[in-house]
Amino acid sequence: MTRLIEGKPIVAHIREEIKAEIIQLKETYGVTPGLVVVIVGEDPSSQIYVNNKHKACQEMGMYSEIIRLPEDCTEEHLLAVIEQLNQRQDVHGILVQLPLPKHINEGRVLEAIDPTKDVDGFHPINTGRLFSGQPTIYPCTAYGIIKLLEISD
């Protein structure tokens, strides 16, 4: 039997919960969660996706930043940007928008992200923990689908 899940009310509910948690973090610890998304190139679908993430973060009271790099950006430059983000105390999450241009090694880029800041959960340490049943950061898209299914029951 097929059942339609109304996602918009569920997403609104989840966002309100997150917004309340962010307020509590700010009041209790003086911390504003920060996400930086790095996008390489001008893929229209990726641009829309990244802009929507940025808008959602801002609506929930998070710090959000987009770093836009040109299509011909070198892998070395991208790795240097990631290393700078790894060191920043105001950045709690890093997301490198995929796909990357063909001249950039996706595996090297994902490994360069600090596993504790890996929003997508794609760092080898995080995927290893996931597959071995250890606590970890879950891949955000898969986790979002799980939450939709849990809440819609």
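Predicted model, so just to flag it, every value in this text is computed and none were measured.

A.B. asks: Describe in detail a negative patch on the surface, supporting the description with residues and values.
C.D. replies: The grouping of E42, D43, E71 and D72 at the surface amounts to a negative patch. Assignment of secondary structure puts E71 in the loop between β2 (63–69) and α3 (75–87). With relative accessibility at 47%, the residue E71 sits in the partly exposed group.

A.B. asks: Go over the packing of helix α1 (residues 7–29) against helix α6 (residues 140–152), please, and point to the residues and values.
C.D. replies: Look at α1 against α6: their axes get within 10 Å of each other, and the N-to-C directions meet at 105°. As far as their axial angle goes, α6 and α1 are roughly perpendicular. Here α1 contributes G7, I10, H13 and I14 to the contact with α6, which in turn contributes K147, L148, I151 and S152. Residues belonging to the contact of α1 with α6 are distributed by class as follows: four nonpolar, three polar and one charged.

A.B. asks: I'd like a rundown of the packing of aromatic side chains, residues and numbers included.
C.D. replies: If you walk through the whole model with that rule in mind, you get one aromatic pair. Centre to centre, the rings of Y138 and Y143 are 5.4 Å apart; their planes meet at 10°, and the pair counts as stacked. Residue Y143 is classed as partly exposed on the basis of its relative accessible area, which comes to 38%.

A.B. asks: Can you break down the layout of surface pockets residue by residue, with the values?
C.D. replies: Taken as a whole, the largest pocket holds about 1500 Å³ of empty space. Tallied by class, the residues present in the lining of the largest pocket amount to 21 nonpolar, eight polar and seven charged.

A.B. asks: Describe the sheet that holds strand β3 (residues 93–96), naming the residues involved and giving the relevant values.
C.D. replies: Sheet architecture is open: three strands sit in the order β2-β1-β3, paired in parallel fashion. On the outer flanks of this sheet lie β2 and β3, each paired with one strand and no other. The sheet shows a mean angle of 15° between the axes of neighbouring strands, direction not considered. Across seven bridges, strand β1 (residues 34–40) lies against β2 in parallel orientation. If you follow V40 over to β2, its bridge partner there is L69.

Cut-offs and rules
- Residues numbered from 1 in each chain as written.
- Predicted model: local features only at pLDDT ≥ 70, side-chain atom pairs only at ≥ 80, totals over all residues.
- Heavy atoms only, no water.
- Patch = residues over 30% accessible without salt bridge, like charges linked within 9 Å, V, L, I, M, F, W, Y side chains within 5 Å.
- Areas by Shrake-Rupley, 256 points an atom, 1.4 Å probe, with all protein chains shown as cover.
- Salt bridge = Lys/Arg side-chain N within 4 Å of Asp/Glu carboxyl O.
- Lys, Arg positive; Asp, Glu negative; His and termini not counted.
- Charge placed at Lys NZ, Arg CZ, Asp CG, Glu CD.
- Helix = DSSP H or I, 4+ residues; strand = E, 2+ residues; numbered from the N terminus.
- Buried < 20%, exposed > 50% of the residue type's maximum accessible area, 1.4 Å probe, protein only.
- Axes fitted to C-alpha atoms, helices over the stretch in contact; angles between N-to-C directions.
- Parallel < 35°, antiparallel > 145°, perpendicular 65-115°, else oblique.
- Contact = heavy atoms within 4.5 Å.
- Nonpolar A, V, L, I, M, F, W, Y, C, P; charged D, E, K, R; others polar.
- Phe/Tyr/Trp six-rings, centres within 6.5 Å; stacked < 30°, edge-to-face > 60°.
- 1 Å grid on protein atoms, 1.4 Å probe; cavity = no way out; pocket = protein on both sides within 12 Å on 5 of 7 lines; lining within 4 Å.
- Points joined across faces, edges and corners; volume = space filled by probe spheres on them.
- Pairing = 2+ DSSP bridges.

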